[in-house]
Each structure stands twice: as structure tokens, then as C-alpha cells.
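Letter by letter, the chains look like this.
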Amino acid sequence: MNYFRIFYKIILFALVVLVFLVTSTIWRLLIWKIPARRRFYAHTVTFVCYMATLLLSIKVRAINKPKSGKNYLLVGNHLGMIDILVTASQLSALFVTSV
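Owing to the predicted nature of the structure, the values given are computational and were not obtained by experimental measurement.

### What about the overall build of the protein chain?
Stage number 1. Within the protein chain, the secondary structure is distributed over three helices and zero strands.
Stage number 2. Walking the protein chain from its N terminus toward its C terminus, one meets helices and strands in the order α-α-α.
Stage number 3. Dimensions of the protein chain, computed from C-alpha atoms along their principal axes, come out at roughly 45 × 35 × 25 Å.
Stage number 4. Sorting the 99 residues of the protein chain into buried and exposed places 20% on the buried side.
Stage number 5. Long-range contacts, defined as pairs at least 24 residues apart, comprise 70% of the intrachain contacts of the protein chain with a sequence gap of at least 6.
Stage number 6. Accessible surface, the protein chain: about 8,500 Å² in total, of which carbon and sulfur atoms supply 68%.

### Notes on the nonpolar core
Stage number 1. One finds Val 45, Cys 49, Ala 52, Leu 85 and Ala 88 forming the largest nonpolar core, which totals five residues.
Stage number 2. For Leu 85, the residues in contact, after removing those within four places along its chain, are Cys 49, Ala 52, Thr 53, Leu 56 and Ile 58.

### Examining unusual backbone geometry
Stage number 1. With phi around 60°, Ser 57 is a residue other than glycine that occupies positive phi space.
Stage number 2. Locating Ser 57 in the fold gives a position in the loop between α2 (34-55) and α3 (81-90).
Stage number 3. Ser 57 gets classed as partly exposed once you look at its relative accessible area, which sits at 46%.

### Looking at the side chain of Lys 9
Stage number 1. Relative to the helices and strands, Lys 9 is located in helix α1 (residues 2-30).
Stage number 2. For the buried Lys 9, no salt bridge is present, and the opposite-charge side chain at shortest range is Asp 83, 18 Å distant.
Stage number 3. Discounting chain neighbours no more than four positions away, the residues touching Lys 9 are Leu 55, Leu 56 and Ser 57.

### Overview of the side chain of Thr 44
Stage number 1. Along the chain, the position of Thr 44 falls in helix α2.
Stage number 2. Relative accessible area serves as the criterion here: at 11%, Thr 44 is assigned to the buried category.
Stage number 3. A distance of 2.7 Å separates a polar atom in the side chain of Thr 44 from the backbone oxygen of Phe 40.
Stage number 4. Apart from the residues within four sequence positions on either side, Thr 44 is in contact with Phe 20, Thr 23 and Ser 24.

### Some remarks on the packing of aromatic side chains
Stage number 1. Per the counting criterion, the structure on display carries three aromatic pairs.
Stage number 2. Judged by centre distance (6.4 Å) and plane angle (20°), the rings of Phe 4 and Tyr 8 are stacked. With Phe 4 and Tyr 8 both in helix α1, this residue pair falls four residues apart, about one helical turn.
Stage number 3. Summarising the aromatic geometry, the rings of Trp 27 and Phe 40 are spaced 5.3 Å apart at their centres and angled 50° between planes, so their arrangement reads as tilted. Of this pair, Trp 27 sits in helix α1 while Phe 40 sits in helix α2; the two residues are 13 residues apart in sequence, bridging distant segments of the chain.
Stage number 4. On the basis of relative accessible area, Trp 27 is assigned to the partly exposed category, the value being 36%.

Conventions used here
Residues numbered from 1 in each chain as written. Predicted model: local features only at pLDDT ≥ 70, side-chain atom pairs only at ≥ 80, totals over all residues. Heavy atoms only, no water. Helix = DSSP H or I, 4+ residues; strand = E, 2+ residues; numbered from the N terminus. Buried < 20%, exposed > 50% of the residue type's maximum accessible area, 1.4 Å probe, protein only. Contact = heavy atoms within 4.5 Å. Areas by Shrake-Rupley, 256 points an atom, 1.4 Å probe, with all protein chains shown as cover. Core = buried A, V, L, I, M, F, W, Y, C linked by side-chain atoms within 4.5 Å. Lys, Arg positive; Asp, Glu negative; His and termini not counted. Salt bridge = Lys/Arg side-chain N within 4 Å of Asp/Glu carboxyl O. Polar contact = N/O pair within 3.5 Å; in protein donor to acceptor, adjacent residues only side chain to side chain. Phe/Tyr/Trp six-rings, centres within 6.5 Å; stacked < 30°, edge-to-face > 60°.

Right under this line is the structure:
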């Protein structure tokens, strides 16, 4: 029974990622203004990461969450990929990788 549950969660996670890719591609074609597109991506990433944390049964408790509507620079020492998933599920954020 445990294998069925793992397989089920993998399929649902893949569907969430697929929906994200499809909606992002469609909105990229429809939204021409870059700031509006970034806002849409930030909200979409937040929703997809929130759904992923639910599917993976990750429990998150936010303490001192920044107020929405303001811009912040969050610097994190990521110890794994789960850090990014959890951060994105709690904050409407865009991520910049090292260049």
C-alpha cells in the first residue's frame, strides 16, 4: 500500500509541475509587459510550491513572515532543494541564481 501512495504522490506532483509549465507558457505569450509577467510568475510559483508542500506532506510554520506588498531581499543559505520549495510556498518570490 505504501508503494501505491508514493506513486500517487509522484503522479500528482508531476501534474502540478505540468500545469505550471503550461500556464506559464500561455501567459508568457499573452502578457507582454515584463513587470506584470514577473508578478504573475511570482504568484504562480507560490501556488505551485504550496501545492507541492501539501503533496509531499511538508508542514511549514512561518514565524515573522514579511508583510506583503513590500519588496524584500532574502538571502538564504540553502542546505537543500526543500528550502527553496518551502520559502516559495510562503512568500510570493522570484529566485535569482548565482551567475
